[in-house]
Structure formats: C-alpha cells, structure tokens
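Structure assessment
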Amino acid sequence: MNHILAFDQGTTSSRAILFDHAGAVVAVAQKEFPQIFPKPGWVEHDPAAIWSSQWEVAQGVLAKAGITAKEVAAIGITNQRETTLIWDRKTGRPIHNAIVWQDRRTAPMCDALKRRGLAKKIRQKTGLVIDAYFSATKLAWLLQHVPGAKAKARRGELAFGTVDTWLVWNLTGGRVHVTDPSNASRTMLYNLRTGDWDDELLKLFGIPRSLLPEVRSSSEIYGEAVLDSVPVPIAGIAGDQQAALFGQVCHAPGLVKNTYGTGCFMLMHTGPKPIPSKNNLLTTVAWRLGDKTEFALEGSVFIAGAAVQWLRDGLGIIKSSAEVESLAASVPDNGGVYLVPAFAGLGAPHWDQYARGILAGLTRGSTSGHVARAALEGIAYQVRDVLDAMQRDADIKLKDLRVDGGACANNLLMQFQADLLGVPVVRPKVAETTAIGAAYLAGLAVGFWKDRKEIARQWQADRQFRPAMKTARRKQLVAGWDKALARAKAWEAT
C-alpha cells in the first residue's frame, strides 16, 4: 500500500491523482463534465455527471499508473464547495440538479435577509456574509421549489450534501452521510464556536436537521469504498481551498496561499480561534484534526480561470486555455484595456451580487492580445484587492504568497501578480496542492505519513517571481482598475 488516491472534484472537471510516499504525483486522470445554465445567473450540474466522471477517473488513474487498488492505502476527497445537492435516501436519486456555488438565483432571498437585519447575527455565528454563494439559501430554494421536497424533508426521506458528502454517499453505497467542518462552515448553517449545525439558523431557513450530514473531523476513516473488489478506506475530506492551504503546508498562523482555479481563493491560517473580519473577508474553518479545529481568513474571487475559459468558449479568440499566455504576451501592456470578470457578481472584499462583467478602455487600436492580457490582469487585480483586506484584518505585512491551481503555470500572470503585490510569488514544485492536501489528510488518518512535520519537509519551491514594477506604474494601473471596477458594480440593480 504505497499510494494515496486523491479525488479532486472541481467545478468544471473531476480528477483523480495518485501520490507516492514522497508526495510526488504518480498519475493523473481528468474528465470535464457539462455546465448547465438554465437562466442568466443560474448555474447547475447534473449530480450523476459529477459522480460518474469522478468514478471513471478513479478507475482510470489506477490503469494509467499500472497499479491495483490493493496498492492504495486510502482515499482523500477534496471538492468544489457550497454546491448544493439533495437526494432521496432510499433511492439515492437527486431531486434536482446540483445548484453550483456560482449560482445567483437566491440573491433576492439574501437581500430580504439583510433587510430583516440578520447580517450581523449570521456573521457572528458562521463567519460569513449573507450571499447567494453559500449553501443555505440554495438549500432553502430547493425545498421551496421542488414539488413535495419540503414534506419529504420533514419526514426524514431526503439527504442534503455538498459535493464531498455526495461522493462519500455513492462510494459507500448510501451507508455513510458525512461532511467535515471545512465544508460545513461554507453552508451558512454551521456555528463556528459550537462546531455544529446551528438550530436557530436551521429554523430561519426552514431546514429540518434530519436533512444534514454528520460533521466529522477532516482526517479520519469515514467508511470504505470498493475499488476493483478491494475495500479502500475513505480517510480525508476538505473543501478545495482548505485542502490547498494544508497542501501548501500553511500550518502556522500568518501563512497565506492563493489558488488560481475557476475562481481565486486566498486563505490565511489564523490559528485555533476564529478571527472576525472587519474588511469583508470570511472567517472559515481551515480543518479539524482530532478534536482541534484550526481557522482561516478567506477572500473569494468568483471568476478567475473561468475568464480564460470565456475567452475560449464565449469569444473564441483562443482555441485552448494554454494559448492565453502567448496571446497576452503579443502586446507590451494592456493598452488601457481592463476586464472586470464579474460574470457571477463580485466576491470579497466587495460582495456585490449585482455586479456584472465589463470590458473597459477599448479603442480602435485594441486587439485580441489586449483583451487576453486584460483577462489575466483582471485576475491579479482581484487577488490584490483581497490581499489588501487580509493584511488589514490580520495586521501583518505579507512576506510572500504561495500560489497553486491551474493558472499558476502562467508565468506572465505570476510575474504581474508579484509586480502588483510588491512581494515575491512562490510556486511550488507540486502544483497539485488541492489534491495533495486531501491526500495528506487521508494519509495521516491511516498512518501513511507520521505527522505534519514529515509532510512539511516534502514542500519545495519551483520558482519565485520577484516584483520588478516601479511604484508609479503600479499606482497608474491600479487607478485604471478601480475606475473599471466602479463601473461594473451594481450593474443589475440600476
């Protein structure tokens, strides 16, 4: 048993990655699955497609590596967070498509909660701002709009889960209904201080407690999956961003990582007590090991890599996402063009549900190169906005930023990010930090790795991007971004 299998179930694809004892990637299998857009601002997934694609790559990665399930010590799961599913406990069939974290259909419901003066109470209990991003309003919407769902939920016939819970349910044949605190803390139903579902919030949203999974630690054996007729323990669960924080070995207060995926997510480890944010960031659970919970501050950017996918699929100016760097490098600068990719509203620190994407500063001289560059730079500007808020909250000056996710392979973006932040940006040798974080959590639970010190020794830097931009130029660029950002805000509300 010399491998750990990580399930990395993301927003646009499911992946399975095998790691060896040194934390090196042995093999990767990946499969994209369809995105469903029933109405503007609505985003759904077919739960069957989530499960089938994840199961397919799990089997595929073993074949690719030329190993059998007998050589797998444990499975770790990391997942897109907040995405909300409800299914029938008897049949295992979902009652509706999954409502994805990007979905904005419950924005009016969130507005109503704010008008009732509930923002402060919800923030105190959950560490979250009221936003359609989180699971609670999605879950309430499903119970209200799916015929018969409310009555079935009251009778205990339905099960709710985020994607981790859905995968474990299917892997164990419906025997195990669990989640971990890193995922539970993203629902807007979990009390950070009690470490459990909050009865007052459940009543507020009209959600029966029987619908909810049991909250277990992030590193323990939850049950067994059967792979090739071999039982393999499922032993680690963490939401994708917390898994990346763990995988980047940000195990001490003050360490920060940023993941460049479909969205952008920056987390700072803050220690054993939740720190309330004064700058519109989220307070969230990092993970729970044994009975010890550790916390983080988080800034969530809704659209990052998805902006590059839009250039490919929406505008057709690139054929593959990898082409964006060379196209952006075909021009020396942005030519005054800014892309604010608020396709799903704006996340931290703005929290504007009604912002929409805007392409600003176009002239007759603007080219596809300028648009590509503006898309990449739009990612970096959003990260800068989050980091500024985070440094004010934690009252520390960042020494460097550890980066991961697909877009961290883009050298132009990473250099621009370092230039904007004025601190080094460090890319690790193993860029699969989300998956390896889940693998580490599972491996610790089964004794594959001894402790966190052993894990920390495996982390290595691949490349460091040092800031090279002059202060005056940085200020000029940021001023242009702020102008474009102001025009994107409250677009739908006016």
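If you're wondering where the values come from, they're calculated on a predicted model, not measured in any experiment. (Residues numbered from 1 in each chain as written. Predicted model: local features only at pLDDT ≥ 70, side-chain atom pairs only at ≥ 80, totals over all residues. Heavy atoms only, no water.)

**As for the overall build of the chain**
Just so we agree on the cut-off: Put simply, DSSP marks the helices as runs of H or I at least four residues long and the strands as runs of E at least two long, and each gets a number from the N terminus on. What the globule rule says is 2.2 Å times the number of residues to the power 0.38, and the radius of gyration is computed from C-alpha atoms. Between buried and exposed lies partly exposed: a residue is buried under 20% and exposed over 50% of the maximum accessible area for its type, with that area taken using a 1.4 Å probe on protein chains only. Contacts: residue pairs with any heavy atoms within 4.5 Å of one another. Surface accessibility in these figures is a Shrake-Rupley result with a 1.4 Å probe; residues are shielded only by whichever protein chains are displayed. In this tally, Lys and Arg are treated as positive and Asp and Glu as negative; His is ignored, and so are the chain termini. To locate a charge, take atom NZ for lysine, CZ for arginine, CG for aspartate or CD for glutamate.
Secondary structure assignment for the chain yields 16 helices and 23 strands. Against the compact-globule benchmark of 23 Å for 494 residues, the chain has a radius of gyration of 21 Å, which places it among compact chains. Along the first, second and third principal axes, the C-alpha atoms of the chain reach 60 × 50 × 45 Å. For the chain, the residues scored as buried account for 62% of the 494 residues in total. In the chain, of all internal contacts separated by at least 6 residues, the share reaching a separation of at least 24 is 73%. Total accessible area on the chain stands at roughly 18,600 Å², and carbon and sulfur atoms take up 51% of it. Taken as two groups, the 59 positive and 46 negative side-chain charges of the chain have centres that lie 5 Å from each other.

**Structural notes on the packing of aromatic side chains**
The criterion, for reference: Stacked, tilted and edge-to-face are the three classes assigned to paired rings of Phe, Tyr and Trp, where Trp is represented by its six-membered ring and a pair needs centres within 6.5 Å; plane angles under 30 degrees give stacked, over 60 edge-to-face, the rest tilted.
Summed over all chains, the structure comprises 20 aromatic pairs. Both rings, one in Phe134 and one in Trp351, keep their centres 6.2 Å apart while their planes meet at 35°; by these two values the pair is tilted. Taken together, the residues span a long stretch of sequence, with Phe134 in the loop between helix H3 (119-126) and helix H4 (135-145) and Trp351 in the loop between strand E19 (338-340) and strand E20 (358-360) at a distance of 217 residues. For the pair Phe134 and Trp351, a shared accessibility class is recorded, and that class is buried. Relative to Trp449, the ring of Tyr440 lies with its centre 4.9 Å away and its plane at 75°, an arrangement referred to as edge-to-face. For the pair Tyr440 and Trp449, one class covers both residues: buried. Each residue in the set Trp101, Tyr133, Phe134, Phe265, Phe302 and Trp351 is aromatic and connected to the rest through ring pairs, giving one cluster.

**Observations concerning H3**
Spelled out, the test is: Of all possible arcs, the one meant is that of the directions from the helix axis to the C-beta atoms.
Ile122, Lys125 and Thr126 are the residues of H3 that are buried. Along the axis of H3, the buried positions cluster into a sector of 80°, meaning they face one direction only. Turning to H3, the residues buried within the fold contact strand E10 (190-191), helix H8 (199-205) and strand E17 (282-289). One or two steps after H3, the chain reaches Gly127, where phi turns positive at roughly 80°.

**A look at the sheet that holds E17**
The test is simple: Strands pair, by our definition, only if DSSP identifies at least two bridges between them. Axes here refer to lines fitted to C-alpha atoms; in helices the fit is confined to the stretch in contact. Angles between the N-to-C directions go from 0 to 180 degrees.
Taken together, the seven strands give an open sheet; going across it, the order is E17-E18-E16-E15-E21-E22-E23, and neighbouring strands pair in mixed fashion. Each having just a single partner strand, E17 and strand E23 (461-465) make up the two edges of the open sheet. For this sheet, the mean angle separating the axes of adjacent strands, direction not counted, is 30°. The sheet contact formed by strand E15 (residues 256-260) and strand E21 (residues 401-404) spans three bridges and is parallel. Its bridge partner being in E21, Lys257 is matched across the sheet by Arg402. Its contacts with the sheet put helix H9 (residues 240-247) on E15, strand E16 (264-271), E17, strand E18 (292-301) and E21, and the angle it makes with E17 is roughly 60°.

**Considering the sheet that holds strand E2 (residues 13-19)**
Read across the open sheet, the six strands follow the order E3-E2-E1-E5-E14-E13; overall the sheet is mixed. What marks the edges here is a single partner per strand, and that holds for strand E3 (25-32) and strand E13 (219-227). The average undirected angle you get between the axes of adjacent strands in this sheet is 25°. Relative to strand E5 (residues 72-79), strand E1 (residues 3-9) is paired through seven bridges, and the arrangement is parallel. Note on E5: the bridge partner recorded for Gln9 is Asn79. The sheet strands contacting helix H1 (residues 47-65) are E1, E2, E3, E5 and E13, and the helix crosses E2 at an angle near 30°.

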